[in-house]
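Read off the chains here:
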Amino acid sequence: MRHGLLRGVDRAAFATAFADRLRRTGVPAGLTEAGDFVRALGVCTPGETTALYWAARISFVRRHADLAAFDRVFAAVFADAPPLPLTRSAAPPGARDDVHLPVPADTDDTGDGGGLPWATLPAPVAEAEPSDAGVRLPERRPSALAGLADRPFEDLDDAQLALLGEALREAVARWPSRRTRRHAVGPAGRRVALRPTIARARRTAWEPVEVVRERPLRRPRRVVLLCDVSESMRAQAHAYLHLLRAFAVTTDAEVFAFATTLTRLTVALRHTSASAAIAHAGAAVTDRFGGTRIATNLRGLLASPHGDAVRGAVVLIGSDGWDSDPPAELAAVMARLSRRAHRIVWLNPRAGAPGFAPLVAGMAAALPYCDRLLPAATFRDLLDAAGQLQSVTCTEGRKWFTATPTPRIIA
């Protein structure tokens, strides 16, 4: 053979295709071996088949048992391989270059592998499609979990709800934090730690040569969740219980369900089994799928022994806003809740609908005291709501108080 056996050939594509041929015959040729072969071709460009054979053999053969299979593949490739599809003579006028040069061959048989780098299409595509039809890419489909995330809650069964509930549990791993009054030694601190600094100054004749700094500690912020399980929330109640369980088992959260009365579900939802936890929570709520009294239940929460849990916490309320209590009472109790809580987030299953406006009396009365109004009609909405917990702790004003005009109230 003449000098420059592989001149103009992409070494990476050549090594990858040759390694694929070897793997089909049982030779363990992986990315490491292919990379060694590319580096070998870069160091010493083979001008003869013998030099190319030894470069490939040293790079790919690790065991003596693979030597026979390697020899058969090498002989088949360089005895039966077709020439490059774009050669100097076959290139269109004006498009000739020194990149693609022909490789001598004795036959046109491409073998089972569809060729080496000069036939870069996969074997099924190269054999089934004509050259002018283009490359057919495989269809990308969502996973089972991604496909369920956008489906309405009423279309999901118990097994699918449990699967998505585990996804919610993983999404709650990122938790909002708050600054405490305690401090800990840290090099990035701005305040001088007096006691450690004086203690180390004893070694240097009471001269503070080494200054120790401290930074404030941060603790997880408490989250209080309230879920509406009335008749108007029948389709979303089961899914919202999975959201409550995700918070209950992951962090120190207080969770409640309400319809006409308030029920604490923190202990029931901390069961290790998701199905058992949901069953216990459903049995504990005696007024499920009844009427709704949001103002009365919020007032009862603030007056109960668990009212201190709301102080400085992020409060999540999942409800559509339909309330049998007067809107003025709900506005008054929401004002008390906003003064005690750090942030209030309202999850409304109808907020994501096109053209949504807070026209319900209860929703319109509570909206000025909410920091966020988020849609919660699908599990993807619940995942997004769980991910926004970190951002609601920032020092921003209540955007709905001044940004939203007073809507028309439907009694």
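Residues numbered from 1 in each chain as written. Predicted model: local features only at pLDDT ≥ 70, side-chain atom pairs only at ≥ 80, totals over all residues. Heavy atoms only, no water.

A. Representation of the environment of R190 within the structure. Positionally, R190 belongs in the loop between β1 (177–185) and β2 (191–192). Measuring from C-alpha to C-alpha, the distance between R190 and P216 comes to 9.3 Å, with 26 residues separating the pair along the chain. Excluding residues that lie within four positions of it along the chain, R190 makes contacts with R213 and E214. (Helix = DSSP H or I, 4+ residues; strand = E, 2+ residues; numbered from the N terminus. Contact = heavy atoms within 4.5 Å.)

B. Inspection of a nonpolar patch on the surface at higher detail. On the surface, a nonpolar cluster with roughly 520 Å² of combined accessible area is contributed by V192, L194, I198, W206 and V211. We classify V192 as partly exposed; its relative accessible area is 34%. (Patch = residues over 30% accessible without salt bridge, like charges linked within 9 Å, V, L, I, M, F, W, Y side chains within 5 Å. Areas by Shrake-Rupley, 256 points an atom, 1.4 Å probe, with all protein chains shown as cover. Salt bridge = Lys/Arg side-chain N within 4 Å of Asp/Glu carboxyl O. Buried < 20%, exposed > 50% of the residue type's maximum accessible area, 1.4 Å probe, protein only.)

C. Representation of the nonpolar core in the model. Counting 37 residues, the largest nonpolar core has L225, L265, L269, L347, F379 and L382 as its most contacted members. For this core, the secondary structure elements donating two or more residues are α7 (158–171), β4 (223–228), α9 (234–250), β5 (253–258), α10 (274–284), β7 (314–318), β8 (343–348) and α14 (379–387). With nine residues, α9 is the largest single contributor of residues to this core. Aside from chain neighbours lying at most four places away, what touches L265 is L241, V255, F256, A257, A281, A284 and V285. Core analysis: the second largest hydrophobic core is formed by 28 residues, L226, L298, V315 and L337 among them. (Core = buried A, V, L, I, M, F, W, Y, C linked by side-chain atoms within 4.5 Å.)

D. Main features of the sheet that holds strand β6 (residues 262–264). Spatially, β6-β5-β4-β7-β8-β9 is the arrangement adopted by the six strands of the open sheet, whose pairing is mixed. The strands lining the two open edges of the sheet, one partner per strand, are β6 and β9 (372–375). Sheet twist, expressed as the average angle between the axes of neighbouring strands with direction ignored, equals 20°. Where β8 meets β9, four bridges bridge the pair, whose relative direction is parallel. Of the residues in β9, the one forming a bridge with V345 is R372. Packed onto the sheet, helix α12 (residues 327–340) meets β7 and β8 and runs at close to 130° relative to β8. (Pairing = 2+ DSSP bridges. Axes fitted to C-alpha atoms, helices over the stretch in contact; angles between N-to-C directions.)

E. View of the pattern of salt bridges. The tally for this structure, following the rule as stated, stands at 14 salt bridges. Between R24 and D20 there is a salt bridge; the shortest N-O distance is 3.1 Å. One end of the pair is R24 and the other is D20, both in helix α1 (residues 11–24) and four residues apart, which spans about a single turn. For D20, a relative accessible area of 25% gives the class partly exposed. Across the pair D308 and R311 runs a salt bridge whose closest N-O atoms are separated by 3.8 Å. In this pair, the class of D308 matches that of R311, namely exposed. Several salt bridges share partner residues, and in doing so they unite D20, R23 and R24 into one network.

Geometric descriptors of this kind do not, in isolation, establish any biological role.
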